[in-house]
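Chain by chain, the residues:
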Amino acid sequence: MREKSETLKGIAVELCMSLGVVLAFTTAVLLLAKAPPLQGYRYLLEGSLGSWTKIAQVLTVWVPLTLCACGLQYTFRIGLWNIGVEGQVFMGAMGATAALRWGVGSEFPLLWLVLSALAGALSGGVWALLAGLLKSKGGVNEIFGGLGLNFVAQSISLWLIFGPWKRPGIASMSGTEPFPPELWLPSLEGWRVSPHALLFTVAVILGTGRLLQSTRIGLALKAVGGNVRAAPLFGLHAGRWMLLAMVLGGGLAGLAGTFQVTGVYHRLIPSISSQYGYLALLVVMLANYRLLWIPFIAFFFAALNVGSIQLPMMLQVDSSLSGVIQGALVLATLLVHGWREKAAERRDAETARRAGGERHA
Amino acid sequence: MHELNFIVLLAGVVAGAAPLVFAVLGETLTEKAGVINLSLDGTLLLSAMVAFAVTFETGSLLLGFGAAALTGAAVAAVVGVAGIFLGQSQLAVGFVLTLMCRDLAYFLGNPFARLHGPQVLPLPVPFLNELPVLGPILFHQNLLVYLNFLLIGLVWFYMYGTRWGLELRAVGEHPQAAYARGINVRRLQMLYVLAGGALVGVAGAAFSLCTKPGWGRPQGAEGMGWIALAIVIFGGWHPVKVACGAYLFAWLQMMGISFQNQWPSIPAQVFQVAPFPLMIFVLLLMHFSQKRAVEQWAEKHPWSLPLIRFFHGTAPASLGQPARKRLGS
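A brief structural summary. (Residues numbered from 1 in each chain as written. Chains lettered and ligands numbered in written order. Predicted model: local features only at pLDDT ≥ 70, side-chain atom pairs only at ≥ 80, totals over all residues. Heavy atoms only, no water.)

Structural notes on the pattern of salt bridges
Residues and elements named next belong to chain A.
Step number 1: For the coordinates displayed, the defined rule picks out 9 salt bridges over all chains.
Step number 2: Notably, a salt bridge pairs Glu46 with Arg42, separated by 3.4 Å at the nearest N-O pair. With Glu46 and Arg42 both in helix α2 (residues 37-49) and 4 residues apart, the pair spans about one turn of that helix.
Step number 3: Between Glu350 and Arg353 there is a salt bridge whose closest N-O contact spans 3.3 Å. Placement of the pair is Glu350 and Arg353 together in helix α13 (residues 321-360), with a separation of 3 residues, close to one helical turn. (Salt bridge = Lys/Arg side-chain N within 4 Å of Asp/Glu carboxyl O. Helix = DSSP H or I, 4+ residues; strand = E, 2+ residues; numbered from the N terminus.)

Quick look at the packing of aromatic side chains
Step number 1: By the definition in use, this model includes 12 aromatic pairs over all chains.
Step number 2: Seen from their ring centres, Trp81(A) and Phe95(B) are 5.8 Å apart, and the 70° between their planes marks the pair as edge-to-face. Taken together, the positions of Trp81(A) in the loop between α3 (52-77) and α4 (85-103) and Phe95(B) in helix α5 (residues 90-109) put the pair across two chains.
Step number 3: What makes Trp81(A) buried here is its relative accessible area of 9%. (Phe/Tyr/Trp six-rings, centres within 6.5 Å; stacked < 30°, edge-to-face > 60°. Buried < 20%, exposed > 50% of the residue type's maximum accessible area, 1.4 Å probe, protein only.)

Regarding unusual backbone geometry
Step number 1: At the junction of Arg217(B) and Pro218(B), the peptide bond is cis and its omega measures out at 0° in the coordinates.
Step number 2: With respect to the helices and strands, Pro218(B) occurs in the loop between α10 (185-211) and α11 (224-234).
Step number 3: Located in the positive-phi region is Ser274(A), a residue other than glycine, with phi close to 50°.
Step number 4: Mapped onto the secondary structure, Ser274(A) falls in the loop between α9 (238-265) and α10 (276-286).
Step number 5: Relative accessible area serves as the criterion here: at 27%, Ser274(A) is assigned to the partly exposed category.
Step number 6: Its identity is not glycine, yet Tyr289(A) carries a phi of approximately 60°, on the positive side.

Points about the state of the cysteines
All names here are of chain A.
Step number 1: On inspection of all chains with the given rule, the structure shows 0 disulfides over all chains.
Step number 2: In this structure Cys70 is a free cysteine whose sulfur lies 9.5 Å from that of Cys68, the closest cysteine sulfur available.
Step number 3: Residue classification places Cys70 among the buried residues on the basis of a relative accessible area of 1%. (Disulfide = S-S within 2.5 Å.)

A word on the packing of α4(A) against helix α6 (residues 142-162) of chain A
All names here are of chain A.
Step number 1: Packing of α4 against α6 brings their axes to within 7 Å, and their N-to-C directions diverge by 30°. Taken together, α4 and α6 sit at an angle that is classed as roughly parallel. Classified by chirality, the crossing of α6 by α4 is left-handed. When α4 is examined against α6, the residues Val85, Glu86, Gly87, Phe90, Met91 and Met94 are found in contact with a partner set consisting of Asn150, Ala153, Gln154, Ile156, Ser157 and Leu160.
Step number 2: In terms of residue class, the contact of α4 with α6 is built from 7 nonpolar, 4 polar and 1 charged. (Axes fitted to C-alpha atoms, helices over the stretch in contact; angles between N-to-C directions. Parallel < 35°, antiparallel > 145°, perpendicular 65-115°, else oblique. Left-handed = near helix turned anticlockwise from the far one by under 90°. Contact = heavy atoms within 4.5 Å. Nonpolar A, V, L, I, M, F, W, Y, C, P; charged D, E, K, R; others polar.)

Here you go:
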């Protein structure tokens, strides 16, 4: 999206300016809440990277965030605002839970784990397809369609937790009955994060890069995204490619939901997605829609999320500080970039005018 | 007895829609000028928090509303500067602000959670409130509701009855042409972004000081911003129709509460999301009502024409497009 001015120096300057703005803003917000800023930052850092357990926790957040962000690569490439990731994560989690409920007591738990991943990806993909169909056939803007479906998916999961899938005895916000340990995604000794999920996520990053960079699919997505009206001239059916992009993105979001169930909570809970679907949109924006940056930014955002968990206990402030910092970061980047672009444009115009003047003289 | 219930219900609808009417009218002004302020959901919460905090500290409702309006305008200013002057995507900036303002509201509003503060009190209009039926529905309300009525008429007259309104619409429909006619497009757009944002801020204050008094996490106004954005589309960017949409929505919300009483086993959250599938359904209906086949069918069935026409409504032609053409700079 911004090819021209992207030199290394330019990026560094913009990054420093944005970080400065965010630091000033966050400090002001902390002061306004009567919390000592330096201590706040220290807790954020210690709470996220202070020990191996904490880092493992950050990686647990990194997995769904990165998966969703990779999925968004497909939809943004074709020019769609897939705001429905959140709902797709929910549907994935529900699909996986449904599959695992069948598999309780089975002799082949591994088979059921694989099946649950397939069910999760499928559910997320179908939910995204629905938003895509609403857009292409029903003329419903994907922002409103996706958002509406988010709320619907969330309420379906609530209904399941309190209705058909409720715990024996009493239904509660703590979720469904936990699965037996053989249906958990195995994790390393002492680490809560599953190495399978980590490896899979890395594979998804590489696969997405390859698919978008050097296959016909990637080229078609880019072509349709670049100019919807010109696409038919090249024999590209824009609507179908949009649906494909949605399904791919939704499938990855569904897998993120699956890992939340099989690898993290081992049951379905009302806040299974932890708003990672929305956060992934910010990750992609801050990465300037580039895959290369996504894993790093996702890690940073995950660290902020994990680091802010202990803020209510230590400083008696709300844990939503992480969201404030993340939002401020994206906003500052957009503003600084826009401002520098404008300044460059003005400089170019100035030079052009001067050159023109010399020619006349 | 039955009639009385009906009157109580309608009075509840008019009161419940008060914040939404401010919000949808504000967003209509903004979008009519060609700018989408997607940040409504966050702006509402942030201004609701600011309104409650300021009123709680100062004891003045007026200061609370003023601070909320300033907050709304300030958030809108970010959308305006980034979208109009810096050529960034209005959707991207608006979406980030949605999330950030919500978190900011939760963070800064933490000390004010679950406190009891001043509220807007009912203020019946003398004489008028004694009218049969209409009296209790329309004139036994608070000042915000009367401001609603006033504002609906005012915005409608401003848009379609004044020269300024004509300029506003021109800027949203065809900025280049407006520019050629000597209108400072960017300044005008910025003006309506600020005005619309201020109205959204007032809507936030109406939530925390009147309709859903108090502050907390969650406050109860979550999701309302998205509803407001959808209502603007539903109302076809026409102030009166948009306000009708807000009242319709408030009515549906009341129905949801009574449904909930009928099926107590279903969790309340399920009913709270009912507006969203409905919103999708209405948008679908709008799309299909504009199809050629439906119009032909309607011509043969004259009774359906008003209904079909109601669902017609076209977006301002240059809505959401960055003014890249160096307008007025």
